[in-house]
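Examining the three-dimensional arrangement
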Amino acid sequence: MARNTLTPDQIVRAAIELLDDEGLDGLNMCSLGARLGTAATAVYWHIKTKDELVRLAGDAVWSEVELPDLDATGWRPAAAATAGSMHAMLTRHPWLGQAFGSHLLYGPGKSRHDDHSLALYEKAGFASADADRAAATVFVYVLGSALGAAAQVSLTRRLGKSGDPEKELADTMAAATEVAMNFPRLRERLGSTAATEYLAAPDRTFEFGLETILDGFEAQLAETN
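Along each chain, numbering runs from 1 in the same order as the chain's sequence is written. Local features in a predicted model are, by the rule used here, given only for residues with pLDDT of at least 70; side-chain atom pairs are given and counted only at 80 or more, and totals for whole chains, interfaces and linings are based on all residues. Side-chain metrics in this entry use all non-hydrogen atoms of the structure; hydrogen atoms and water are not considered.

**Quick notes on the environment of Thr82**
Looking at where Thr82 falls in the secondary structure, it is placed in helix H5 (residues 75-92). Only protein chains enter the accessibility calculation, which uses a 1.4 Å probe. A residue is then buried if its area is under 20% of the maximum for its type, exposed if over 50%, and partly exposed in between. Accessibility expressed as a relative area gives 4% for Thr82, which makes it buried. C-alpha separation for the pair Thr82 and Leu120, spaced 38 residues apart in sequence, amounts to 9.7 Å. Pairs of residues are marked as contacts when any of their non-hydrogen atoms sit within 4.5 Å. When residues no more than four places from it in sequence are discounted, the contact partners of Thr82 are Val65, Glu66, Leu67, Pro68, His113, His116 and Leu120. Secondary structure follows DSSP: runs of H or I at least 4 residues long count as helices, runs of E at least 2 residues long count as strands, and numbering of each begins at the N terminus.

**Some words on the confidence of the model for the protein**
Close inspection of predicted coordinates is inappropriate in any region flagged by low pLDDT. When pLDDT is averaged along the protein, the result is 88; 91% of the residues meet or exceed 70. One number per residue, pLDDT, summarises how confident the predictor is, and it ranges from 0 to 100. The secondary structure element of the protein with the lowest average pLDDT is helix H11 (residues 195-200), at 54, and the one with the highest is helix H7 (residues 108-124), at 97.

**Thoughts on the side chain of Ser85**
Mapped onto the elements, Ser85 comes out in helix H5. Residues contacting Ser85, with those up to four places away along its chain left out, are Glu64, Val65 and Glu66.

**A closer look at the packing of aromatic side chains**
Within 6.5 Å between ring centres, the rings of Phe, Tyr and Trp (the latter by its six-membered ring) count as paired, and their orientation is classed by plane angle as stacked under 30 degrees, edge-to-face over 60, tilted in between. Taken as a whole and assessed by the stated rule, the structure comprises six aromatic pairs. Here Trp62 and Phe139 contribute two aromatic rings whose centre-to-centre distance is 6.0 Å and whose plane-to-plane angle is 15°, an arrangement assigned as stacked. Residue Trp62 is found in the loop between helix H4 (50-60) and H5, and its partner Phe139 is found in helix H8 (residues 128-162); the two are separated by 77 residues along the sequence. Given the relative accessible area of 2%, Trp62 is considered buried. Measuring from ring centre to ring centre gives 5.6 Å for Tyr141 and Phe206, while their planes differ by 10°; the resulting arrangement is stacked. On the criterion of sequence distance, the pair formed by Tyr141 in helix H8 and Phe206 in helix H12 (residues 205-224) is long-range, its members being 65 residues apart. An aromatic cluster of at least three residues, connected via ring pairs, comprises Trp75, Tyr121, Phe126 and Phe217. The ring of Tyr106 has Arg55 sitting right over it, with the charged end atom 4.3 Å from the ring centre. Look at NZ for Lys and CZ for Arg. If either is within 6 Å of the ring centre and within 35 degrees of the ring normal, a charge sits over the ring.

**Remarks on the pattern of salt bridges**
Each salt bridge in this description consists of a side-chain nitrogen of Lys or Arg and a carboxyl oxygen of Asp or Glu lying within 4 Å of one another. Applying the stated criterion across every chain yields a total of nine salt bridges. Across the salt bridge formed by Glu218 and Arg76, the nearest N and O atoms sit 3.0 Å from each other. On the criterion of sequence distance, the pair formed by Glu218 in helix H12 and Arg76 in helix H5 is long-range, its members being 142 residues apart. For Glu218, a relative accessible area of 36% gives the class partly exposed. The closest approach of N and O atoms between Lys110 and Asp114, which form a salt bridge, is 2.7 Å.

**Focus on a nonpolar patch on the surface**
On the surface, Val179, Phe183 and Leu186 cluster together into a nonpolar patch covering about 260 Å² of accessible area. Positionally, Phe183 belongs in the loop between helix H9 (165-180) and helix H10 (184-190). Residue Phe183 is classed as partly exposed on the basis of its relative accessible area of 47%. Without a salt bridge and with relative accessible area above 30%, a residue can belong to a patch; like charges are then joined within 9 Å and nonpolar side chains (Val, Leu, Ile, Met, Phe, Trp, Tyr) within 5 Å. Calculation of accessible area relied on Shrake-Rupley with a 1.4 Å probe; when residues are assessed, cover is drawn exclusively from the protein chains displayed.

**Things to note about the packing of H5 against H7**
Relative orientation and spacing of two packed helices are given, respectively, by the angle between their axes and the distance between those axes. Orientation of H5 relative to H7, taken along the N-to-C sense of each, is 155°, at an axis distance of 9 Å. Relative to H7, H5 is oriented roughly antiparallel. Judged by the twist between their axes, the crossing of H5 over H7 is left-handed. Contacts between H5 and H7 involve Trp75, Ala78, Ala79, Thr82 and Met86 on the former and, on the latter, His113, His116, Leu120, Tyr121 and Ala124. For this classification, the nonpolar set comprises Ala, Val, Leu, Ile, Met, Phe, Trp, Tyr, Cys and Pro, the charged set comprises Asp, Glu, Lys and Arg, and every other residue, Gly included, is treated as polar. For the contact of H5 with H7, a count of residues per class yields seven nonpolar, three polar and no charged. For every element, the axis is a line fit to its C-alpha atoms; helices are fit only across the contacting stretch, and the angle between N-to-C directions ranges from 0 to 180 degrees. We call two directions roughly parallel when the angle between them is under 35 degrees, roughly antiparallel when it is over 145, roughly perpendicular when it lies between 65 and 115, and oblique otherwise. It is the rotation of the near helix from the far one that decides the hand of a crossing: anticlockwise by less than a right angle makes it left-handed, clockwise makes it right-handed.

Here it is in structure tokens:
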């Protein structure tokens, strides 16, 4: 692909694919150029640094978050749908959660999501400052919930480069289970027929936490109205 036919959008889309496949550590201009079928210098013509590329890619994936029409949907179903869509997006792109800790991320995609969230909680009945707090609470909860999946992807990728990831994970899980068996509540759960499911994660953990947060919001709104 010649330099004059390469567009910033093509570069960002290829960067997202590379980040999905290789993670933050696997993104570099040479690898990206190879994926695009061009030299790294052609990429630099449009985007000067890796940090800028991560920022652009990180903002682009926010457009995947579905934002319900607030005129046609109650605030609580809209809040649950928005949070669920954000969680799904972060799970599809596990590198984004990691990038929050190492890159400055901003842009119209994320601003669109943030503005919608504020409108959602204002519609619920929160004053401006409390709408900010409610939106931030849900944002942090969703981001934290998605980090587990991101960490699993990153760990599996790293282990795969040095050996047999399935064996290393199985050996580690066995060692961790042996330690946990010394503690009564963990021993009870690990000794049950649902131990495999418990080790993976209790069922509906994300949904349970989100519903609890929204229950708290409803209770607070009921007290103030």
